Structures are given as structure tokens and as C-alpha cells.
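Residue-level structural notes
In case you want the letters, here they are:
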Amino acid sequence: MSEHYRPSSGPVRLNTAVAHNARVWNYWIGGRDNYEVDQQVGDHVATMFPVIRDVARADREFLGRAVHHLAAERGMRQFLDVGTGLPTLDNTHEIAQRIAPDSRIVYVDNDPVVLVHARSLLTSAPEGATDYIEADVHDPEVVLRGAAATLDLGRPVALLLLGILNFVLDTGRAQEIVRALMSELPSGSCLVLTHPTTDADLGGQGNIEAMRFWNENATPPLTARTRAEVASFFDGLEILEPGLVSCARWRAGSGPAAVVPQFGAVAVKP
């Protein structure tokens, strides 16, 4: 069993005067790790864009289905979850280790609140390993170097980038980050990704004004992208069925699922 927390060199400083994405997202999915400012901004965004709470829940449910599929049906035993956010029910390691207790998971985030709560993530099954590293998605080399202490990067790894590339405002830079991360992972590795969109066919027009308000009143700034831009993150990979779809409809089973303006897909490196 391996459980590690690698703290930053200085003390964690929480800024509770400005709403932060990790805490607002936690508020939207019904968590308690947030402050009044996060609730105020979250409520205002939800007034402007009522579907946002559905987006938050759908994104979390997509995580569960994707990890379950990879662990149960594709035999994936290593997961690198970048931008994991605050812990809640059914974190990546819990889903994977229920299926395969020997699964190894590395969480990556750079948010102070997440750092404070990191130890609550570290409840690995004895047969496996769970690690937490402080790093930024903008520094893929640091992410990979830290992950290599727990994961065998010579064996397939599932790279999870859920709702994180929207904080990389330049699309070219976001593409470079994905390439840099996937280039160091072997054949059979997977990319699991969600991303908000303004595309009308997913009802994303409301994201425009909601994100403008967010960027003026909360941190960090974020952006939405078109289907073509999100699809570009999967260049060179084989996207699994049903393709790039609303994350609420990715392998959602029988019965109609509501469409949310958040793309989701899973792809395999040939």
C-alpha cells in the first residue's frame, strides 16, 4: 500500500474573499467544502445559466462511468487524474479499486483548498496505491515526473482531464499540453476528457455570458470551446464509441439522458 501527500514548500494560503472554481464546483454538486462567496457566485451563475448544476453532476457521473469502463472492460490499472478538485463521493481511486484493488491512482491539483483536503483522498486499498502531487496542468513535465513515483509509465495509463483544459485559455497551448502528456504514455493508454462548449446543439449559448460573469468575479478564468476545438485534443487517438458527445450521454445506458453543454469522450492511444 502506498499513500503519499507531497506538500508545497510553503504554507497553504486560502483566499476566501474570491470565489474559486474548486469550491464553487463542490457547491454545485452538493458538497460542503465551500464558502459564502463561492455560494453567492455559484447561485448567480446558476441564475444566468440554470443548467450549470446539471453540468456539474453530469461531469461527475461521466467520471464514474468512464473509470468503471476502463477498469472493468479494458483492464486499466493505472489512472492519472489531473485537476481532480475537491474530494467527494466515488473518487477515481474508489471506483477503480472496487473493481481492481491493485489499481494505482495519482491525483494532481494545485489548488490550496484541495491541498488541505488531500489526505481524505488517500484511502487506498491495501493492494494498490493512491498518491497526491501538487502540480499544474501547465507544467506537464512536472506532472509526469511526479506521477512516475507511483505509476509505471511503461504500462498503459488512463489520463483524466475532466473540466481542466478550459482553464488553459490558449487553445494551441492546451493542445500542446495534451500532446506532451500523452506522448510519454505507451500504446494502450487512454485519454478521458470533458470540456464546456458554447455549441448551440448542446445548448451552450448560455455559457458565453455566464463565463463572462465568472471571469470578472471568480478565479481562475476559463473558456469554452467548439466541437472542432475539443476534438483536436484527440488527434492521433482512437475515440471510443459513442464518440465526442454531451458527457451526460456517454454510455449512459437505457433511457433518455438530458443533453448538457459539456463534451465528454474517451480515446485510446494506438
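This text follows the structure it describes.
Since the model is a prediction, treat every value here as computed from it, not as a measurement. (Residues numbered from 1 in each chain as written. Predicted model: local features only at pLDDT ≥ 70, side-chain atom pairs only at ≥ 80, totals over all residues. Heavy atoms only, no water.)

**So, the side chain of Ser232**
- Among the structural elements, Ser232 can be located in the loop between helix 9 (227–231) and strand 9 (238–239).
- Separated by 2.5 Å, the side chain of Ser232 and the backbone oxygen of Glu229 make a polar contact. (Helix = DSSP H or I, 4+ residues; strand = E, 2+ residues; numbered from the N terminus. Polar contact = N/O pair within 3.5 Å; in protein donor to acceptor, adjacent residues only side chain to side chain.)

**A closer look at helix 1 (residues 21–28)**
- Most of helix 1 sits out of view: six of its eight residues are buried.
- All of the buried residues along helix 1 are Asn21, Ala22, Arg23, Val24, Asn26 and Trp28.
- Just downstream of helix 1 lies Gly30, where phi reads positive at about 90 degrees. (Buried < 20%, exposed > 50% of the residue type's maximum accessible area, 1.4 Å probe, protein only.)

**Quick word on the pattern of salt bridges**
- A complete count under the given rule lists eight salt bridges for this structure.
- The partner of Asp201 in a salt bridge is Arg227, and the shortest N-O contact between them spans 3.2 Å. You can see Asp201 sitting in the loop between strand 7 (190–196) and helix 8 (207–217) and its partner Arg227 sitting in helix 9, a full 26 residues away along the chain.
- According to the relative accessible area criterion, Arg227 is partly exposed, its value standing at 32%. (Salt bridge = Lys/Arg side-chain N within 4 Å of Asp/Glu carboxyl O.)

**Description of the packing of helix 1 against helix 2 (residues 36–48)**
- Packing of helix 1 against helix 2 leaves a shortest axis separation of 9 Å and a crossing angle of 65 degrees. The pairing of helix 1 with helix 2 is recorded here as roughly perpendicular in orientation. Considering only the axes of helix 1 and helix 2, their crossing is right-handed. Across from Arg23, Val24, Tyr27 and Trp28 in helix 1, the residues of helix 2 making contact are Val37, Asp38, Gln39, Gly42, Asp43, Val45 and Ala46.
- Per-class residue counts for the contact of helix 1 with helix 2 are six nonpolar, two polar and three charged. (Axes fitted to C-alpha atoms, helices over the stretch in contact; angles between N-to-C directions. Parallel < 35°, antiparallel > 145°, perpendicular 65-115°, else oblique. Left-handed = near helix turned anticlockwise from the far one by under 90°. Contact = heavy atoms within 4.5 Å. Nonpolar A, V, L, I, M, F, W, Y, C, P; charged D, E, K, R; others polar.)

**Notes on unusual backbone geometry**
- Here the amide bond leading from Thr219 into Pro220 is cis, since omega sits at -10 degrees, within 30 degrees of zero.
- The peptide bond linking Glu241 to Pro242 adopts the cis configuration, its omega dihedral lying at 10 degrees.

**So, the packing of aromatic side chains**
- One pass over the full model with this rule turns up two aromatic pairs.
- With a centroid separation of 6.1 Å and 70 degrees between ring planes, the pair formed by Trp25 and Trp28 is classed as edge-to-face. Note that Trp25 and Trp28 are positioned in helix 1 at a spacing of three residues, about one turn of the helix.
- Relative accessible area serves as the criterion here: at 24%, Trp25 is assigned to the partly exposed category.
- Residue class for Trp28 comes out buried when judged on its relative accessible area of 6%.
- Plain terms: the ring middles of Phe62 and Trp250 are 5.5 Å apart, the flat faces sit at 75 degrees to each other, and that makes the pair edge-to-face. Taken together, the positions of Phe62 in helix 3 (residues 52–73) and Trp250 in the loop between strand 10 (245–246) and strand 11 (262–268) put the pair 188 residues apart, joining distant regions of the chain.
- Here Phe62 falls in the buried class, since its relative accessible area comes to 0%.
- Overall, Trp250 belongs to the buried group, its relative accessible area being 0%. (Phe/Tyr/Trp six-rings, centres within 6.5 Å; stacked < 30°, edge-to-face > 60°.)

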